[in-house]
Amino acid sequence: MTELRRLPLETWGRHWLGRIQTWADRAAWSRYGFEFLMFGIKQGWACLFGGLLLGLILGTFLLWPEGAPIARYDFLVLGAVAIQAAMLAFRLETWAEARVIFLFHLAGTVMELFKTAHGSWIYPEPSLLRIGDVPLFSGFMYAAVGSYIARVQRIFHIRVRRFPPLWALWGLAAAVYVNFFAHHWLPDVRLALFAASALMFGAGSFSFMADRTPRRMPLLLGYGLVALFIWFAENLGTFARAWTYPDQDAVWRMVSLDKLGSWYLLMLVSVALVAIVRPPQREA
């Protein structure tokens, strides 16, 4: 039994979209329009975990009742666990993808403990379900990135070309992760890490299937676009006071574009962690 056949809701969705596809095939403009529609639907499906969690963060910020019996952050923890359980129960996510989320939760929580201790950002609301100054829902925000990276490979049938050896990818990811900590005492080597990633991925590309026609994109462009959309989500998260940076304490302002580079580097860590349980599929 194939992996896709074990995801019945996705199979049902494909059947429903197939009826629209039949209609769209009548003209060139509608075929391209349907492909664009499929690209958006598949992207939304790939980031289902992150999208639901972000919706929960925004919804509780706007509608959380005063005097609620539990803290908002604690509700977010329970909500994130419920989303994860439901995705597994309804086979919207595979167990391999769930293992990626667990790895990201561990790596993200460790980073959160360190960064909040050094004042890089804060969680301004009280809660019980936390470790030190870090509410437990924060690890799920990192896990959402890993969930997307794992799911998008399956949903878009991604195949890579000229992808670096996995040992090189893991070495770069380890250097990136260490630099997130070490730059508080040692020189920040992120420029060297950017250069290393350009050398490793600059010649690479990947093919993907939004509809039935394979499309191709350079790896660096794809990674950059993912980092950009994570930055957009971070702006929404800080607006909803899921966490705040020091310059947002008195009044909210957009997150600095400098963070875009940080998300790009963290996204490389995401790719490396996903590769542990789901190595990139190379073109024949």
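Structure shown above.
As the structure is a computational prediction, the values presented were derived from the model and not from experiment. (Residues numbered from 1 in each chain as written. Predicted model: local features only at pLDDT ≥ 70, side-chain atom pairs only at ≥ 80, totals over all residues. Heavy atoms only, no water.)

### A closer look at unusual backbone geometry
Here histidine 157, not a glycine, exhibits a phi torsion of approximately 50°, which is positive. The topology assignment puts histidine 157 in the loop between helix 6 (137-155) and strand 3 (159-161). Backbone geometry at arginine 162 places phi at a positive 55°, although glycine is not the residue there. Among the secondary structure elements, arginine 162 is positioned in the loop between strand 3 and helix 7 (166-182). Overall, arginine 162 belongs to the exposed group, its relative accessible area being 62%. (Helix = DSSP H or I, 4+ residues; strand = E, 2+ residues; numbered from the N terminus. Buried < 20%, exposed > 50% of the residue type's maximum accessible area, 1.4 Å probe, protein only.)

### Quick look at a nonpolar patch on the surface
Residues Ile70, Phe75, Leu78, Leu128 and Leu129 make up a contiguous nonpolar surface patch of roughly 460 Å² in combined accessible area. Topologically, leucine 78 is positioned in helix 4 (residues 72-89). (Patch = residues over 30% accessible without salt bridge, like charges linked within 9 Å, V, L, I, M, F, W, Y side chains within 5 Å. Areas by Shrake-Rupley, 256 points an atom, 1.4 Å probe, with all protein chains shown as cover. Salt bridge = Lys/Arg side-chain N within 4 Å of Asp/Glu carboxyl O.)

### Side note on the packing of helix 6 against helix 10 (residues 258-277)
Relative to each other, helix 6 and helix 10 sit at 60°, their axes nearing to 9 Å. Of the possible angle classes, the one that applies to helix 6 and helix 10 is oblique. Classified by chirality, the crossing of helix 10 by helix 6 is right-handed. For the pair helix 6 and helix 10, the contacting residues are Tyr142, Val145, Gly146, Ile149, Ala150 and Gln153 in the first and Leu266, Met267, Ser270, Val271 and Val274 in the second. Here the residues of the contact of helix 6 with helix 10 sort into 8 nonpolar, 3 polar and no charged. (Axes fitted to C-alpha atoms, helices over the stretch in contact; angles between N-to-C directions. Parallel < 35°, antiparallel > 145°, perpendicular 65-115°, else oblique. Left-handed = near helix turned anticlockwise from the far one by under 90°. Contact = heavy atoms within 4.5 Å. Nonpolar A, V, L, I, M, F, W, Y, C, P; charged D, E, K, R; others polar.)

### Thoughts on the packing of helix 3 (residues 48-63) against helix 9 (residues 219-239)
It is the contact of helix 3 with helix 9, at a shortest axis distance of 9 Å, that shows an interaxial angle of 25°. Overall, the two elements helix 3 and helix 9 adopt an arrangement that is roughly parallel. Considering only the axes of helix 3 and helix 9, their crossing is left-handed. Every residue of helix 9 that contacts helix 3 at Leu54, Leu58 and Phe61 is listed here: Ala233, Leu236, Gly237 and Phe239. For the contact of helix 3 with helix 9, a count of residues per class yields 6 nonpolar, 1 polar and no charged.

### Here's the deal with helix 6
With 19 residues, helix 6 should cover 27 Å at 1.5 Å per step; its first-to-last C-alpha distance of 26 Å lies within 8% of that length. Most of helix 6 sits inside the fold, with 19 of its 19 residues counted as buried. Directly after helix 6, the chain includes histidine 157, whose backbone phi takes a positive value near 50°. (Expected span 1.5 Å × (residues − 1).)

### Here's the deal with the environment of glutamate 234
Mapped onto the elements of the fold, glutamate 234 is located in helix 9. When its relative accessible area of 2% is taken as the criterion, glutamate 234 is described as buried. With 42 residues separating them along the chain, glutamate 234 and isoleucine 276 place their C-alpha atoms 26 Å apart. Apart from residues lying up to four places away in sequence, glutamate 234 is in contact with Trp243, Tyr245, Val255, Lys259 and Trp263.

### A short note on the sheet that holds strand 5 (residues 214-218)
Spatially, 3-4-5 is the arrangement adopted by the 3 strands of the open sheet, whose pairing is antiparallel. In this open sheet, the two edge strands, each paired with only one partner strand, are strand 3 and strand 5. Between one strand and the next, the sheet's axes are offset by a mean angle of 25°, whatever the strand orientation. Here strand 3 runs beside strand 4 (residues 205-209); their pairing, made up of 3 bridges, is antiparallel. Within strand 4, the residue paired with arginine 159 across the bridge is serine 207. Here helix 9 sits on the sheet in contact with strand 3, strand 4 and strand 5, set at roughly 85° to strand 5. (Pairing = 2+ DSSP bridges.)

### Some thoughts on the pairing of strand 4
In terms of burial, strand 4 is largely enclosed, as 4 of its 5 residues are buried. Of the pairings in the sheet, the one linking strand 4 to strand 5 comprises 5 bridges and is antiparallel in character. Residue pairing for strand 5: phenylalanine 206 is matched across the bridge by methionine 217.

### Some details on the nonpolar core
Ranked by internal contacts, the top residues of the largest apolar core, which has 72 residues, are Phe201 and Tyr223. Residue contacts for phenylalanine 201: discarding those within four places in its chain leaves Phe163, Pro164, Leu169, Leu172, Leu219, Leu220, Tyr223 and Leu268. (Core = buried A, V, L, I, M, F, W, Y, C linked by side-chain atoms within 4.5 Å.)

### Considerations on the pattern of salt bridges
Enumeration according to the criterion identifies 6 salt bridges in this entry. Residue arginine 161 is joined to glutamate 283 by a salt bridge in which the shortest nitrogen-to-oxygen separation is 3.0 Å. Here arginine 161 is found in strand 3, whereas its partner glutamate 283 is found in the segment after helix 10, with 122 residues between them in sequence. Taking relative accessible area as the criterion, glutamate 283 reaches 27% and is therefore assigned partly exposed. Across the salt bridge formed by aspartate 211 and arginine 212, the nearest N and O atoms sit 3.2 Å from each other. Residue classification places arginine 212 among the partly exposed residues on the basis of a relative accessible area of 41%. Taken together, the shared-partner salt bridges in this structure form one network comprising Arg161, Arg216 and Glu283.

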